[in-house]
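# Remarks on the overall topology
So you can see what is in the structure, the chains are spelled out below.
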Amino acid sequence: MSRRIVLGISGASGAALALDCARLLARMGIVIDLVTTRMARHTCDLELGPAATQELEGLADVVHDGRNMGATIASGSYPVAGMIVAPCSMRSLAAIASGLDDTLLTRAAGVQLKERRPLVLLAREAPLTQAHLRNMTAVTDMGGIILPPVPAFYLKPDSVQAITMQIAARAVDLLRLGAAQADAWQG
């Protein structure tokens, strides 16, 4: 199995989720192909600051231009173990659900579905419309995994960082690349 994944970041709020995913994957020795949407960098800078954006790009092994539809991750022949989109905007979700491969992020996600590889979307919106729910169902029917970034309050997190790290760890665990990263319920 490939030890390479695609980490996609859309412009939805929740940039800390992407950074925590990248930190976990890098710590596990996973090669990261990073792709962002046009608004993702702006949101990351706004929510976390330019230093966080630089750290995120520094953790990636390859940083793809989201407009480059000829990038390696746009092809099913490029060996990756799967993809996480953290956070996943409703616009990106809708494009993925309908097969609209209009950006490198949505094309890379579509490749995961057609190749039957894990695709984990940290869908970030509230409340949800019927269109959002239908898009989530469509992606699930195609084999994708919708993981809303919902805190595990039963773990009694003591900070926002603890919440985002646990959610990121759950996303990484869904790729089944190694030992579990998320804290488990102990009963």
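Summary of the structure given here.

Reading the values: rules and limits
Numbering of residues starts from 1 in every chain and runs along the sequence as written. Side-chain atom pairs in this predicted model are given and counted only at pLDDT of 80 or more, local residue features only at pLDDT of at least 70, and totals for whole chains, interfaces and linings cover all residues. Only hydrogens and water are set aside; all other atoms, that is, all heavy atoms of the structure, feed into the side-chain values. Pairing between two strands requires that DSSP report at least two bridges joining them. Only DSSP runs of H or I covering at least 4 residues are called helices, and only runs of E covering at least 2 are called strands; the numbering of each starts at the N terminus. The contact criterion used throughout is that any non-hydrogen atoms of two residues lie within 4.5 Å. Axes here refer to lines fitted to C-alpha atoms; in helices the fit is confined to the stretch in contact. Angles between the N-to-C directions go from 0 to 180 degrees. Under the scheme applied here, a residue whose accessible area is under 20% of the maximum for its type counts as buried, over 50% as exposed, and between as partly exposed, the area being computed with a 1.4 Å probe on protein chains only. Take a side-chain nitrogen of Lys or Arg and a carboxyl oxygen of Asp or Glu: if they are within 4 Å of each other, that pair is a salt bridge. Throughout, the arc means the angular range of directions from the helix axis out to the C-beta atoms. Only buried residues count toward a nonpolar core. Its members are Ala, Val, Leu, Ile, Met, Phe, Trp, Tyr and Cys residues joined through side-chain atoms within 4.5 Å.

So, on to the sheet that holds strand β1 (residues 4-9). Pairing in this open sheet of 6 strands is parallel, and the strands run β3-β2-β1-β4-β5-β6 from one edge to the other. Each edge of the open sheet is held by one strand with a lone partner, namely β3 (62-64) and β6 (145-146). In the packing of helix α4 (residues 90-98) onto the sheet, contacts are made with β4 (83-88), β5 (119-123) and β6, and the angle to β5 comes to roughly 145 degrees.

Right, let's talk about the pairing of β4 for a bit. Burial runs high along β4: 6 of the 6 residues are buried. Judged by which residues are buried, β4 turns out to be covered on both faces: Met83, Val85 and Pro87 on one side and Ile84, Ala86 and Cys88 on the other are all buried. Two elements, β1 and β4, share 3 bridges in a ladder whose sense is parallel. Opposite leucine 7, over in β4, you have isoleucine 84 as the bridge partner. Note that β4 and β5 share 4 bridges and pair parallel. What sits directly across from methionine 83, in β5, is leucine 119.

Our next topic: the environment of glycine 187. Locating glycine 187 in the fold gives a position in the segment after α7 (160-173). Judged by relative accessible area, glycine 187 falls into the exposed class, the value being 79%. Taking the C-alpha atoms as reference points, glycine 187 and glutamine 166, 21 residues apart in sequence, are found 17 Å from one another.

Under the counting rule described, the total for this entry stands at 8 salt bridges. Across the salt bridge formed by aspartate 33 and arginine 4, the nearest N and O atoms sit 2.5 Å from each other. Of this pair, aspartate 33 sits in strand β2 (residues 31-36) while arginine 4 sits in strand β1, placing them 29 residues apart in sequence. Note that glutamate 115 is salt-bridged to lysine 114, the shortest N-O span being 2.7 Å. Judged by relative accessible area, which is 32%, glutamate 115 ranks as partly exposed. With a relative accessible area of 43%, lysine 114 lands in the partly exposed category. One connected set of salt bridges, linked through shared partners, spans Asp20, Arg23 and Glu55.

What follows deals with helix α2 (residues 40-48). Of all the positions in α2, only Ala40, Thr43 and Cys44 are classed as buried. The buried residues of α2 occupy an angular sector of 100 degrees when the element is viewed end-on, so they sit on one face. Following α2 by one or two positions, glycine 49 has its phi on the positive side, about 100 degrees.

The next subject is the nonpolar core. Counting residues in hydrophobic clusters, the biggest one holds 33 residues, and the most contacted among them are Ile5, Leu7, Ile84, Val120, Leu122 and Leu177. Of all elements in the fold, only β1, α1 (15-27), β2, α3 (50-59), β4, β5 and α7 reach the threshold of two or more residues within this core. Once residues lying within four places of it in the same chain are set aside, the contact partners of leucine 7 are Ala18, Cys21, Ala22, Ile32, Asp33, Leu34, Val35, Leu56 and Ile84. Counting 25 residues, the second largest nonpolar core, distinct from the first, contains Tyr78, Leu105, Leu121 and Met136.

Position of glutamine 166 among the secondary structure elements: in helix α7. Beyond its immediate stretch of four places on either side in the chain, glutamine 166 contacts Ala152, Leu155, Ala182 and Asp183.

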